[in-house]
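Summary of the model geometry
Spelled out from the first residue to the last, the chains are:
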Amino acid sequence: MLLQDHVALITGAGRGIGRAVALAFAREGARVAVTGRNQANLAQVVDEIASAGGQSLAFSLDVTREEDAAAVARETADRWGRLDLLVNNAGVITYNVPVWETTMEQWDYVMDTNLRGMHLVSRAVIPYMMQRKSGIIINIGSSSGRQVEGDNGAYNASKWGVVGYTASLAQSLRPHGIQVNGINPGWVDTDMAREYHPGGDPAWITPDQIAQAALYLAAHAPALMTGQFIDMFDA
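The text that follows walks through the structure, step by step, so that each part is easy to find. Everything numeric here is computed off the predicted structure, so don't read it as measured data.

Okay, the pattern of salt bridges next. Counted according to the given criterion, the structure contains nine salt bridges. Notably, a salt bridge pairs arginine 19 with glutamate 48, separated by 2.7 Å at the nearest N-O pair. Note that arginine 19 is positioned in helix α1 (residues 16-27) and glutamate 48 in helix α2 (residues 39-51), a separation of 29 residues in sequence. Exposure remark for glutamate 48: the relative accessible area of 26% places this residue in the partly exposed category. Here aspartate 68 makes a salt bridge to arginine 65, at a shortest N to O gap of 3.4 Å. Residue arginine 65 is classed as partly exposed on the basis of its relative accessible area of 38%. Taken together, the shared-partner salt bridges connect Arg65, Glu67 and Asp68 into one network.

Next up on the list: the packing of aromatic side chains. Under the defined criterion, the tally for this structure stands at four aromatic pairs. Ring geometry for tyrosine 95 versus tryptophan 187: centroids 6.5 Å apart, planes at 5°, classification stacked. Of the two residues, tyrosine 95 is situated in the loop between β4 (85-88) and α4 (104-132) and tryptophan 187 in the loop between β6 (178-185) and α6 (191-196); the sequence distance between them amounts to 92 residues. Judged by relative accessible area, which is 22%, tyrosine 95 ranks as partly exposed. Its relative accessible area of 38% is what places tryptophan 187 among the partly exposed residues. Between tryptophan 187 and tryptophan 204 the ring centres are 5.4 Å apart and the planes differ by 10°, which places this aromatic pair in the stacked class. Within this pair, whereas tryptophan 187 is found in the loop between β6 and α6, its partner tryptophan 204 is found in the loop between α6 and α7 (207-219), the two being separated by 17 residues in sequence. For tryptophan 204, a relative accessible area of 10% corresponds to the buried category.

This paragraph deals with unusual backbone geometry. A negative phi angle is the norm for most residues apart from glycine, just as the trans form is the norm for most peptide bonds. We note that asparagine 96 has phi near 55°; this positive angle belongs to a residue other than glycine. Within the element layout of this structure, asparagine 96 appears in the loop between β4 and α4. Note on asparagine 96: relative accessible area 40%, which makes it partly exposed. The residue lysine 133 is not glycine, and still its phi comes out positive at about 55°. Structurally, lysine 133 is set in the loop between α4 and β5 (135-140).

A separate point is the sheet that holds strand β3 (residues 55-60). What the seven strands build is an open sheet, ordered β3-β2-β1-β4-β5-β6-β7; its pairing is parallel. Taken across any chain shown, the strands that pair with only one partner, and hence form the sheet edges, are β3 and β7 (229-232). Pairs of neighbouring strands in the sheet enclose a mean axial angle of 15°, with direction left out of account. For strand β2 (residues 31-36) and β3, the ladder comprises six bridges, and the chain directions are parallel. Of the residues in β3, the one forming a bridge with valine 32 is serine 56.

It is worth spelling out the packing of α1 against α7 at this point. Between α1 and α7, the shortest axis-to-axis distance is 8 Å and the interhelical angle comes to 50°. Taken together, the axis directions place α1 and α7 in an arrangement best described as oblique. Note on packing geometry: the crossing formed by α1 with α7 is right-handed. Across the interface between the two elements, Gly16, Ile17, Ala20, Val21, Ala24 and Phe25 from α1 touch Pro207, Asp208, Ile210, Ala211, Ala214, Leu215 and Ala218 from α7. Here the contact of α1 with α7 is built from residues that sort into 11 nonpolar, one polar and one charged.

Before going further, it helps to spend a moment on the pairing of β4. Residues Leu85 and Val87 line one face of β4 and the alternating positions Leu86 and Asn88 line the opposite face, and both faces are buried. Judged from the three bridges that link them, strand β1 (residues 7-10) and β4 form a sheet pairing that is parallel. Counterpart to isoleucine 10 in the pairing with β4 is valine 87. Strand direction decides the pairing type here: β4 and β5, joined by four bridges, are parallel. Paired with leucine 85 across the strands is isoleucine 136, a residue of β5. Crossover connection from β4 via α4 to parallel β5: handedness right-handed.

Calculation rules
Residues numbered from 1 in each chain as written. Predicted model: local features only at pLDDT ≥ 70, side-chain atom pairs only at ≥ 80, totals over all residues. Heavy atoms only, no water. Salt bridge = Lys/Arg side-chain N within 4 Å of Asp/Glu carboxyl O. Helix = DSSP H or I, 4+ residues; strand = E, 2+ residues; numbered from the N terminus. Buried < 20%, exposed > 50% of the residue type's maximum accessible area, 1.4 Å probe, protein only. Phe/Tyr/Trp six-rings, centres within 6.5 Å; stacked < 30°, edge-to-face > 60°. Pairing = 2+ DSSP bridges. Axes fitted to C-alpha atoms, helices over the stretch in contact; angles between N-to-C directions. Parallel < 35°, antiparallel > 145°, perpendicular 65-115°, else oblique. Left-handed = near helix turned anticlockwise from the far one by under 90°. Contact = heavy atoms within 4.5 Å. Nonpolar A, V, L, I, M, F, W, Y, C, P; charged D, E, K, R; others polar. Right-handed = clockwise from strand over helix to strand, strands pointing away.

In structure tokens form, the structure reads like this:
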């Protein structure tokens with residue numbers, strides 16, 4: 001029970017990586033706020049956690065809306081009295097669109113979720129962590145934040161932004177006892193990935209493997225480890 005009595009808020013928790021992290025944290029004793037836009041998916045995750053003896057609540061959350069982020073953070077803290085862990089997982093992609101062909105609609109769609117959303121939810125949660133002078137934020141990046149890509153232009157740019165945002169946020173929060181780290185996965189076997197590659201690939205990593213990395217950052221990472229990423233892809 002590595003996370004006994006901790007409270008975690010996870011974005012994009014209805015499927016894929018977010019779901020796997022929610023289940024892993026709940027198994028280790030955390031009370032989990034699972035958030036996202038698909039209520040049916042969130043309800044299923046809550047049921048899975050309850051069936052395993054854990055505690056969770058589902059919250060509708062559009063991470064691009066400042067008022068939604070503030071409300072979910074407040075309701076979570078009011079319900080359980082604290083907020084210890086945040087996993088910024090929500091993300092979107094437009095496949096095979098080079099930067100120079102990216103429309104403003106596509107650009108805003110990706111940037112609003114992958115960067116604006118990460119900032120809004122972090123900003124909403126951080127005051128509750130500051131009250132306790134402790135907290136852990138885990139940002140889900142991508143191999144696209146380490147490697148240059150000709151395609152997936154807006155996504156590539158957004159994930160490089162996630163790496164920079166994480167480093168800056170970590171430095172600014174270090175004096176407040178809050179750690180900020182991230183995970184950069186390569187291809188992960190999720191519904192989103194299979195929308196592009198329906199057959200999948202045996203080389204893909206699984207959401208459960210990402211969840212184990214998140215659990216390490218939540219429960220085992222040394223106190224001085226902040227502003228760092230776990231890269232989980234072939235160089």
